[in-house]
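Observations on the model geometry
Now for the letters of each chain:
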Amino acid sequence: MQGAAAGAQPSRLRGLTSSPYFTSLVTVMLLVLLLGAGGAAYPGFLSLQVMFNLLIDNAFLLVIAVGMSFVILSGGIDLSVGSVLALTTMISAWLLQTWHVPPLLVIAISLVLGAGFGAAMGAIIHYFKLQPFIVTLAGMFLARGLCYLISINSITIDDPFFVAMSQTQVPVLGGFLSPGALIALAMLAIAIYVAHCTPFGRAIYAVGGNEQSALMMGLRVARTKVLIYAFSGFCAALAGVLFSFYMLSGYGLHAQGTELDAIAAVVIGGTLLTGGYGYVAGALSGVLVLGTIQTLIAFDGTLSSWWTKIVIGGLLFVFCVVQRLMAIGATTKK
């Protein structure tokens with residue numbers, strides 16, 4: 001009996017690590033642990049407004065992570081999102097300050113351009129059978145270079161609508177959120193619904209699980225992949241609009257490395273880099289983990305901001321190992 005119980009323990013462990021909820025639960029537990037440590041070490045850390053500030057400061061990253069979740073779920077990668085964000089801020093600032101285009105039209109133009117840029121990359125990836133890493137790397141260089149064709153200097157935005165969006169505080173439960181944070185949460189809710197309650201969402205998982213099987217099932221793989229990258233480009237452009245609200249400027253150096261932060265948030269949130277497995281909601285927990293680490297370092301006041309990158313790098317190593325354990329557990333189960 002004892003031998004049977006001992007033999008059952010590794011089996012239960014394999015079953016746990018192969019569970020669809022495992023990495024998501026680990027991320028939530030890590031977030032609770034970080035918040036608890038911050039609350040114990042620093043008075044006021046767990047105040048409602050500090051928690052809201054995590055969303056306010058990382059609204060643009062959450063939007064990018066939502067788009068990146070779709071891409072990674074499909075088995076791809078998008079390295080262009082940070083550069084598309086910067087390009088959006090430059091286009092927005094240039095249209096507002098030089099051509100005095102109405103702000104709502106500027107936002108619409110930016111979103112259409114972002115979606116079109118992403119769709120073009122998706123089409124190239126599918127029809128030319130190229131690796132997403134290479135195509136989106138080219139997109140990253142192209143978008144970042146286009147920023148400097150507009151201007152090599154920062155362009156200040158003083159449009160009344162953008163200034164109002166930057167300064168507006170929406171009362172929530174005794175604290176406040178920015179319009180950008182509310183837009184980011186709305187995008188997250190829409191993406192969760194699309195991923196888990198629509199045929200398009202099921203197609204994303206199917207393509208990420210096995211593209212050849214998806215083709216044999218009769219799914220429109222080409223359309224799905226183009227729409228996935230179009231959505232990622234749309235999210236990057238929307239993040240650029242929110243970043244413009246936040247910074248009130250356009251600059252070619254904005255958001256350098258943001259694409260890697262987004263990938264880190266998605267992976268930490270429980271989505272496998274191999275595709276076909278994960279939850280869009282994990283993007284929120286991943287972004288909150290990154291934001292909490294930054295806030296802890298800011299509250300400490302004695303640590304360099306580079307410690308954020310060091311800790312995130314360590315977490316990524318851990319979650320890559322966890323993902324490997326999940327893959328082994330799933331294989332053993334079969």
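Residues numbered from 1 in each chain as written. Predicted model: local features only at pLDDT ≥ 70, side-chain atom pairs only at ≥ 80, totals over all residues. Heavy atoms only, no water.

1. Considerations on the overall build of the protein
When you go through the protein residue by residue, the secondary structure sums to 15 helices and four strands. On C-alpha atoms alone, the protein measures out to a radius of gyration of 21 Å, which is about the 20 Å that the 2.2 N^0.38 rule sets for 334 residues. Viewed in the frame of its principal axes, the protein has a C-alpha envelope of about 80 × 55 × 35 Å. Put simply, of all contacts in the protein between residues at least 6 apart along the chain, 80% involve residues at least 24 apart. Counting only carbon and sulfur atoms, one obtains 71% of the accessible surface of the protein, whose full area is about 15700 Å². (Helix = DSSP H or I, 4+ residues; strand = E, 2+ residues; numbered from the N terminus. Rg over C-alpha atoms; globule rule 2.2 N^0.38 Å. Contact = heavy atoms within 4.5 Å. Areas by Shrake-Rupley, 256 points an atom, 1.4 Å probe, with all protein chains shown as cover.)

2. Re helix α6 (residues 103-127)
Its 25 residues give α6 an end-to-end C-alpha distance of 36 Å, which sits within 8% of 36 Å, the value for a rise of 1.5 Å per residue. Following α6 by one or two positions, lysine 129 adopts a phi angle in the positive range, close to 55°. (Expected span 1.5 Å × (residues − 1).)

3. Topic: the side chain of threonine 89
Relative to the helices and strands, threonine 89 is located in helix α5 (residues 81-97). There is a polar contact of 3.5 Å between the side chain of threonine 89 and the backbone nitrogen of tyrosine 251. Beyond its immediate stretch of four places on either side in the chain, threonine 89 contacts Gly240, Phe243, Ser244, Ser249, Gly250, Tyr251 and His254. (Polar contact = N/O pair within 3.5 Å; in protein donor to acceptor, adjacent residues only side chain to side chain.)

4. Description of unusual backbone geometry
The backbone phi angle of lysine 129 is positive, close to 55°, even though this residue is not glycine. By secondary structure assignment, the location of lysine 129 is in the loop between α6 and α7 (132-150). Positive phi is not limited to glycine here, since leucine 173 has a value of about 55°. In this fold, leucine 173 is placed in the loop between β2 (170-172) and β3 (175-177). Overall, leucine 173 belongs to the exposed group, its relative accessible area being 75%. (Buried < 20%, exposed > 50% of the residue type's maximum accessible area, 1.4 Å probe, protein only.)

5. Regarding the pattern of salt bridges
If the charged atoms of two oppositely charged side chains come close together, the side chains can form a pair. A full pass over the atoms with the stated rule returns two salt bridges. In this structure, glutamate 211 and lysine 225 form a salt bridge, with 3.4 Å as the shortest nitrogen-oxygen distance. Remark: lysine 225 occurs in helix α12 (residues 221-247) and glutamate 211 occurs in helix α11 (residues 211-216); sequence separation between them is 14 residues. With a relative accessible area of 24%, glutamate 211 lands in the partly exposed category. Aspartate 261 serves as the salt-bridge partner of lysine 309, at 3.2 Å between the closest nitrogen and oxygen. Here the residue lysine 309 occupies a position in helix α15 (residues 306-333), and aspartate 261 occupies one in helix α13 (residues 258-268), the gap between them amounting to 48 residues. (Salt bridge = Lys/Arg side-chain N within 4 Å of Asp/Glu carboxyl O.)

6. Topic: the nonpolar core
Membership of the largest hydrophobic core comes to 90 residues, with the highest contact counts inside it found for Phe70 and Val289. If near-sequence neighbours (up to four positions away) are discounted, valine 289 is found in contact with Thr27, Leu30, Leu31, Leu34, Ile268 and Leu315. (Core = buried A, V, L, I, M, F, W, Y, C linked by side-chain atoms within 4.5 Å.)

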